[in-house]
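# Fold and geometry: a report
Read off the chains here:
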There are 2 protein chains.
Amino acid sequence: MAAHPKSLGIVGGGQLGRMIALAAMELDVKVVVVGRGDPCGFLESGGSDLLNADDVASLAACDGATIEVEEVSVEGLERIPRIVPRAAHVRLIQDKGLQKEFFSDRGIPTADFSVSTNASIRGFPVVQKLRRGGYDGRGVKVLRSPEDAAFSGECLLEDLIDVKAELSVIVARDETTAKTYPCVEQVFTPDHLAAYIVSPAPRPERLEAERLASRVAEEMDFVGLLAVEFFLEDGTGRLLVNEVAPRPHNSGHHTIEANATSQFHQITRIALGLALGDTTQTRPFAATVNLLGGQDSGVPEYQNLEKLLATPDVYPHIYGKTTVSPNRKMGHVTVLADDLPTLRAKVDFVRANSKVIARPP
Amino acid sequence: MAAHPKSLGIVGGGQLGRMIALAAMELDVKVVVVGRGDPCGFLESGGSDLLNADDVASLAACDGATIEVEEVSVEGLERIPRIVPRAAHVRLIQDKGLQKEFFSDRGIPTADFSVSTNASIRGFPVVQKLRRGGYDGRGVKVLRSPEDAAFSGECLLEDLIDVKAELSVIVARDETTAKTYPCVEQVFTPDHLAAYIVSPAPRPERLEAERLASRVAEEMDFVGLLAVEFFLEDGTGRLLVNEVAPRPHNSGHHTIEANATSQFHQITRIALGLALGDTTQTRPFAATVNLLGGQDSGVPEYQNLEKLLATPDVYPHIYGKTTVSPNRKMGHVTVLADDLPTLRAKVDFVRANSKVIARPP
């Protein structure tokens, strides 16, 4: 390739789009975004409606394009000549029923399931997932008896797994090559709230998860970034694929500081047909702590940012959202360390000291 | 500090401003730029004329401000309440005569000199430097006899030093603390052209250079980033301060990938009154190769970018300039390595394979 590519389209205007754009701009790539969102407000807009095929298809004029969210118009994607991931993969992943059927057809281990409507739920406990539109835990319910209120509509019923750990692997893949980021683990608080992500996952099963994630991407013949989420089943030790996401992922934010090529540089490279970058983690351990909204809504104020910045190996990121609401992702903090005890101590410090409060507008 | 700072003003719209902005945006800092320049075209403009006091003073509305070039209106800087570096330091550094007098008054080793006009040149060879406006080697001449054409106007006459090496140290300093980046060396080709910068400088004198640079910043009571350039004199082994720059510097671009806190994150922190970041270099060796314009002017095309991106530990940066002209800085490439021979081999590869050519507009 002689000249360097000039423009990258992103479907979605959230924090993932913002972090892709900041990476792409290092190569002087002009970024155009379809979708509303403060985090990408500084970028050229190609339209505001992710679900409108014409808005999405406006990115056909770009040298390359990608998505930062999967709930987009697939018809629009189909009209973009160079889009990663491919429209067909987004269509498959948008429907958790099709996604699960793909796994079971290919012999990829996953929790037993059936595709159903709520009318036909039999056997409890069971995990009910809406086939479409759920993310970040929304659209998922555990039903323990017929008295528990179920979602209505097309859904997936899955066996309730006794989860020992939640692992995740991001696979970067172009037409000829695949590279895997180290497997990470979502660590929970004693009361089962997500606390932080640690990379690599401090468990022997991580290597099997990396192999399995590569296999999933290969079976799909996927191009782009594929985040593969796993349950490690207690007792049996089985690794079960929970679901996949066809884009940069919350479990890869630490790669900005911790890896030779961040997931955001990586998707820029893949979308523009450039070489895959090295995924090696360059410090022994890394963690990501989310900065979430508290109980109130309003104008965000980031407390103790000064304290975080004064701590070596601690890197705050703020996404540029103008309002905060309960549990909204407002930013994240990366922590690096040479050993696990130090990592955990710094993570505790960050968790104790970082707080997003809401001021009246 | 409770909330996080919201806006950063930058005087100057070139590549240094762009790289500061990309760092600042990770903390959701809104960046406003005074000065024309493609690299900062995506940012909010506070005016186009660096030398106009009113344009520069428009940044007084920002929570903090800094400069990316020293030829700016000092009167404008004086009207900005929180500006780093201080206006008085910029005034001192703009005039190479005052700068040299400061060094000699404080006993900071520097080449012997006199302040003069060209009418009074006696004694050859001598280095003639214009007191104002020179940079990147412009405004500097070696005069070997009265026949050599001299600059007219206020100038500085310096002893011609027999230079063994050119070293540089960037000092980050706020009101209470100073941190020094490792000393780097500018490496030249056999025919005396700048080839690349290596960090740390592979010479024992680097530690003395770091101490001396700290002392210069301390004597000045400088706040901001101070790049201190040294000559290492052949024969005597003396380290002589050549000149200082009060801003992010070409000799610190590798810090984006190679150091815990890049020089661009660092100046953002200092300008906004946030804690200084750790300056530790996280890989044993780093180098910067400039991407310069060739013999022609036109629309830039970056050759072999694909080849560079396919090489681990090689990180190209392109500054977003819409036209290239001879020797114009269009970008740079950072190279990382665990040992010097590997670094040099990768630098040679980058130098052999990176070329900016000019297409007709």
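Residues numbered from 1 in each chain as written. Chains lettered and ligands numbered in written order. Predicted model: local features only at pLDDT ≥ 70, side-chain atom pairs only at ≥ 80, totals over all residues. Heavy atoms only, no water.

## A word on helix α6 (residues 206-220) of chain A
Residues and elements named next belong to chain A.
- Taking 1.5 Å per residue, 15 residues should reach 21 Å; α6 reaches 21 Å between its end C-alpha atoms and fits that length.
- All of the buried residues in α6 are A209, E210, L212, A213, V216, A217 and M220. What you see down the axis of α6 is that its buried residues fit within an arc of 170 degrees, all on one side. Away from its buried face, by an angle of more than 90 degrees, α6 presents the exposed residues R211 and E218.
- Positive backbone phi, approximately 50 degrees, marks D221, located one or two places after α6. (Helix = DSSP H or I, 4+ residues; strand = E, 2+ residues; numbered from the N terminus. Expected span 1.5 Å × (residues − 1). Buried < 20%, exposed > 50% of the residue type's maximum accessible area, 1.4 Å probe, protein only. Arc of directions from axis to C-beta.)

## A short note on the pattern of salt bridges
- Tallied over the entire structure, the rule returns 43 salt bridges over all chains.
- For R91 of chain A, the salt bridge is made with E75 of chain A, and the minimal N-O distance between the two is 4.0 Å. Taken together, the positions of R91 of chain A in helix α4 (residues 87-94) and E75 of chain A in helix α3 (residues 74-78) put the pair 16 residues apart, joining distant regions of the chain.
- For E75 of chain A, a relative accessible area of 44% gives the class partly exposed.
- Put simply, E301 of chain B and R359 of chain B hold a salt bridge, and the shortest N to O gap is 2.6 Å. (Salt bridge = Lys/Arg side-chain N within 4 Å of Asp/Glu carboxyl O.)

## Here we look at the domain arrangement of chain A
- Considered domain by domain, chain A is made up of domain 1 (7-83), domain 2 (112-158) and domain 3 (163-359).
- Here the C-alpha centroids of domain 2 of chain A and domain 3 of chain A sit 27 Å apart. (Domains from an automatic or database assignment.)

## Overview of the environment of C183 of chain B
All names here are of chain B.
- Structurally, C183 is set in the loop between β10 (178-180) and β11 (184-188).
- Along the sequence, C183 and R206 sit 23 residues apart, while their C-alpha atoms lie 5.5 Å from each other.
- Sequence-distant contacts of C183, that is, excluding residues within four places in its chain, are made with L167, S168, V169, P200, A201, R206, A209 and E210. (Contact = heavy atoms within 4.5 Å.)

## Remarks on the relation of the copies chain A and chain B
- Rotating chain A by 180 degrees and moving it 0.0 Å along the rotation axis overlays it on chain B with an RMSD of 0.0 Å. What we have between these two chains is a two-fold relation. For chain A, the minimum C-alpha distance to the rotation axis belongs to L22 of chain A and amounts to 3.2 Å.
- The fraction of interface residues of chain A whose copies in chain B are also interface residues reaches 100%, indicating that both copies meet through the same surface. (Least-squares fit on C-alpha atoms with pLDDT ≥ 70 in both.)

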